[in-house]
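# Residue-level structure breakdown
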Amino acid sequence: MKGLRIPYLNTIDRYIIGKYLSTFLFTMAIFTVVAVVFDISERLDDFMKHEAPLSKIVFEYYAGFVPFYLNMLSPLINFIAVIFFTAKMADQTEIVPILSGGMSFNRFIRPYMVAASVIFVLNFVFSVYIIPRTNKLKVGFERIYVKPVTNNSKSSTHMQIDDDSYVYIDNFDNNRKVGYHFTLEKFDEGEMTEKLMADRITWDSVKNNWRIENYTIRIIDSLKEEMIKGSSLDTVLDMTPRDFEVYDNIFTAMNMNELNARIEKEEVRGTGMMTDLLLEKYKRFVTPLAAYVLTIMGVALSSKKVRGGIGLSLGIGIALSFTYIVFIQFATMFSLKGGLAPLIAVFIPNVIFGLLAVYLLYKAPK
């Protein structure tokens, strides 16, 4: 058995795919080493100050750090890899004989798209299934050993917990799982039927319910009102302490089930986090498409031999890669601050650079 042979891929195709993927992996390895070295130099004081165990640094922090940043920089790494090895092929006059031998330029791109599909699948699997799990390790480590949360409380929280019930908590301490100055209002066809006010509300992690302390319940029945007071009351509400967490990157550490459940609750509650949630969800599905867009652009830019050698093509590639990342950040900010729909914001960079890729492909020498 001489090895796997895909019928519609010839020797040249397999050569290009091998070059593409090996250059991509090599570039990714370089970025990994550089990113880890720079991060260690920046975080070393924090690790020592908070006495972080070496095992946790390696198997929690960097087990989350490396996949997260490599996935985020994957479009840049992918683009640079395509530019580098394609420009090198052009500089060594390998592309001209291929095209002169009767292969069309569109046919020449086929192995690039096969390799881009491999990278797309890897990015998709990592974005949707793996990185949320590794981010959970990284975020948990950072909360203890990098940026310990000294004031993990959330103030003035208004929340709708179902179609007819509204909650207000003046201050919630997530370290103690205690909320202060709690109010629960219930409505029926727009009319308030019950209002509960309490000094504080505490989460019971054993019973998975809430204990309300020093409460007053005002029951309204048409023109009649009744006041009930008590010292403590156990109750079940459609909310948990996680709904009041305030640390950074909380949504990136949620798997798809948790993210979808949070989105469903946010549709009812309206706490102002819907845009962040939708951006996180859509990015996981849309960002991997950059593998195709940047591959086409990279081939179109670097397939012609130029006087400047591969340095000129590589410089243009790096500049365009960073421009792509800047577009992503701008689109995200317009969505968060300017009201741009999250789905449109996520697609904008790929659409703009996709059109540019088609134009460059049209202009590329064939």
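Residues numbered from 1 in each chain as written. Predicted model: local features only at pLDDT ≥ 70, side-chain atom pairs only at ≥ 80, totals over all residues. Heavy atoms only, no water.

### Overview of the confidence of the model for the protein chain
Mean pLDDT for the protein chain: 86, with 94% of residues reaching 70 or above. The lowest-confidence element of the protein chain is strand β1 (residues 153–162), averaging 78 in pLDDT; the highest-confidence one is helix α6 (residues 274–286), averaging 92. (pLDDT = per-residue confidence, 0-100. Helix = DSSP H or I, 4+ residues; strand = E, 2+ residues; numbered from the N terminus.)

### Structural notes on the packing of aromatic side chains
How two aromatic rings sit relative to each other is set out by the distance from centre to centre and by the angle between their planes. Evaluation of the coordinates by the stated rule reveals 23 aromatic pairs. Taking 6.2 Å as the distance between ring centres and 55 degrees as the angle between the ring planes, the aromatic pair formed by Tyr-20 and Tyr-112 counts as tilted. Residue Tyr-20 is located in helix α1 (residues 11–49), and its partner Tyr-112 is located in helix α4 (residues 105–146); the two are separated by 92 residues in the primary sequence. Tyr-20 sits in the buried class, given a relative accessible area of 0%. Over the ring of Phe-68 we find Lys-138, and its NZ or CZ is 5.4 Å from the ring centre. (Phe/Tyr/Trp six-rings, centres within 6.5 Å; stacked < 30°, edge-to-face > 60°. Buried < 20%, exposed > 50% of the residue type's maximum accessible area, 1.4 Å probe, protein only. Lys NZ or Arg CZ within 6 Å of the ring centre and 35° of its normal.)

### Observations regarding α4
Helix length check: α4, at 42 residues, gives a terminal C-alpha distance of 51 Å against a target of 62 Å (1.5 Å per residue), a shortfall beyond 12%. Most pronounced at Ile-130, the bend in α4 amounts to some 50 degrees, and the proline Pro-132 follows within four residues. (Expected span 1.5 Å × (residues − 1). Bend = angle between axes of the 7 residues up to and from the residue.)

### Description of a negative patch on the surface
Taken together, the side chains of Asp-162, Asp-163, Asp-164, Asp-188, Glu-189 and Glu-191 define an acidic patch exposed on the protein surface. With respect to the secondary-structure elements, Asp-162 resides in strand β1. (Patch = residues over 30% accessible without salt bridge, like charges linked within 9 Å, V, L, I, M, F, W, Y side chains within 5 Å. Areas by Shrake-Rupley, 256 points an atom, 1.4 Å probe, with all protein chains shown as cover. Salt bridge = Lys/Arg side-chain N within 4 Å of Asp/Glu carboxyl O. Lys, Arg positive; Asp, Glu negative; His and termini not counted. Charge placed at Lys NZ, Arg CZ, Asp CG, Glu CD.)

### Some details on a nonpolar patch on the surface
On the surface, a cluster of nonpolar side chains totalling about 570 Å² of accessible area is made up of Val-118, Val-121, Leu-122, Val-125, Phe-126, Tyr-129 and Ile-130. In this structure Ile-130 comes out as partly exposed when scored by relative accessible area, which is 32%.

### A closer look at the environment of Asp-238
You can see Asp-238 is positioned in the loop between β6 (224–235) and α5 (256–269). Using a relative accessible area of 41% as the deciding quantity, one classes Asp-238 as partly exposed. In the structure, Asp-238 is positioned 84 residues away from Phe-322 in sequence and 44 Å away in space, judged by C-alpha atoms. The contact partners of Asp-238, leaving out residues within four places of it in the chain, are Ile-161, Lys-265 and Arg-269. (Contact = heavy atoms within 4.5 Å.)

### Looking at the packing of α6 against helix α8 (residues 310–338)
With their axes 10 Å apart at the nearest point, α6 and α8 run at an angle of 150 degrees to one another. Classified by the interaxial angle, the pair formed by α6 and α8 is roughly antiparallel. At the point where α6 passes α8, the crossing takes the right-handed sense. Facing α6, whose interface residues are Thr-275, Asp-276, Leu-279 and Lys-283, α8 presents Thr-332, Ser-335 and Leu-336. In the contact of α6 with α8, the residues fall into 2 nonpolar, 3 polar and 2 charged. (Axes fitted to C-alpha atoms, helices over the stretch in contact; angles between N-to-C directions. Parallel < 35°, antiparallel > 145°, perpendicular 65-115°, else oblique. Left-handed = near helix turned anticlockwise from the far one by under 90°. Nonpolar A, V, L, I, M, F, W, Y, C, P; charged D, E, K, R; others polar.)

### Some details on the nonpolar core
Ranked by internal contacts, the top residues of the largest apolar core, which has 41 residues, are Tyr-20, Phe-105, Phe-108 and Tyr-112. Going through the elements one at a time, α1, α2 (54–91), α3 (95–100), α4, α7 (290–302), α8 and α9 (342–363) are the ones with two or more residues in this core. A per-element tally of this core places α2 first, with 9 residues. Not counting the four nearest positions on each side in its chain, Phe-108 is found in contact with Ile-16, Ile-95, Ile-98, Leu-99, Met-103 and Val-299. Judged by nonpolar contacts, the second largest core, of 18 residues, contains Ile-161, Phe-172, Phe-182 and Ile-201. (Core = buried A, V, L, I, M, F, W, Y, C linked by side-chain atoms within 4.5 Å.)

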